[in-house]
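One-letter residues, chain by chain:
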Amino acid sequence: MIDKTLPSCAAAVADIRDGATVMIGGFGTAGMPDALIEALIEHGARELTIVNNNAGNGETGLAALIKHKRVRRIVCSFPRQSDSQHFDAAYRNGEIELELVPQGNLAARIHAAGNGLGAIFTPTGYGTELAAGKETREIDGRHYVLEYPIHADVALIKAHRGDRWGNLVYRKTARNFGPLMAMAAKCTIAQVHEVVELGGLDPEAVVTPGIFVQRVVAVGHEEARA
């Protein structure tokens, strides 16, 4: 019997190794798998490469992971905002590397990894410092930059509901990067509000099929912001 559910977030992240590349879903706090991140901090893995849309907010979630000096490198599109003080401090002190990727390119590169593509050509970034050292090509009169897929060892994502096979549905904008990241990682761990019985999810509403999910953890009630 296939059952991908685990009893706790601690059990779900227990084998994440030092130096792993970890994708973390979320657009700011919307869809951020906060319970899984807290478990990862407790687990103690270090020297992580994190792939996320931004570089943490306030004192919790990804910001706390950076505060505890567990992140060696971050790949993101929006690293700085008014409450990104922990990233700012780490970056200024030379404690964290940053690869800045335009948001559309970030999504496209993760999508490329999930779909088995070797590389993609994108017009975004052409003629800017973001294209320095990269192959460019003119196609049908338009200039493009060669970008490579972003793969991960682990993806930590948040969904609204799931079943024991790993099928997932999301709540509103909490969906954001979760479906793409689930396809691009060797192991996807989903934090869900509720695990339902098989058949309890409308198959037409399933966004991430269980083939892309290896572990599911129910963490109780979601915040209203989801």
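The rules behind the values
- Residues numbered from 1 in each chain as written.
- Predicted model: local features only at pLDDT ≥ 70, side-chain atom pairs only at ≥ 80, totals over all residues.
- Heavy atoms only, no water.
- Pairing = 2+ DSSP bridges.
- Helix = DSSP H or I, 4+ residues; strand = E, 2+ residues; numbered from the N terminus.
- Axes fitted to C-alpha atoms, helices over the stretch in contact; angles between N-to-C directions.
- Contact = heavy atoms within 4.5 Å.
- pLDDT = per-residue confidence, 0-100.

Describing the sheet that holds strand β6 (residues 136–139)
Spatially, the 3 strands line up as an open sheet ordered β5-β7-β6, and their pairing is antiparallel. The open sheet has two edge strands, β5 (120–122) and β6, and neither has a second partner. Adjacent strand axes in the sheet meet at a mean angle of 40 degrees when their direction is disregarded. Alignment of β5 against strand β7 (residues 142–147), held across 3 bridges, turns out to be antiparallel. Residue pairing in the sheet places F121 in a bridge with L146 of β7. Its contacts with the sheet put helix α5 (residues 103–114) on β5 and β7, and the angle it makes with β5 is roughly 165 degrees.

Notes on the confidence of the model for the protein chain
In the predicted model, the protein chain carries a mean pLDDT of 95, and 97% of its residues have values of at least 70. Confidence over residues 222–226 falls short of pLDDT 50; this stretch has 15 contacts with residues more than four positions distant or in other chains.

Examining the pairing of β6
With 4 bridges joining them, β6 and β7 adopt antiparallel strand pairing. For R137, the partnering residue across the bridge sits in β7 and is Y144. Hairpin connection, β6 to β7: the antiparallel pair is bridged by 2 residues, and D140 has positive phi, about 50 degrees.

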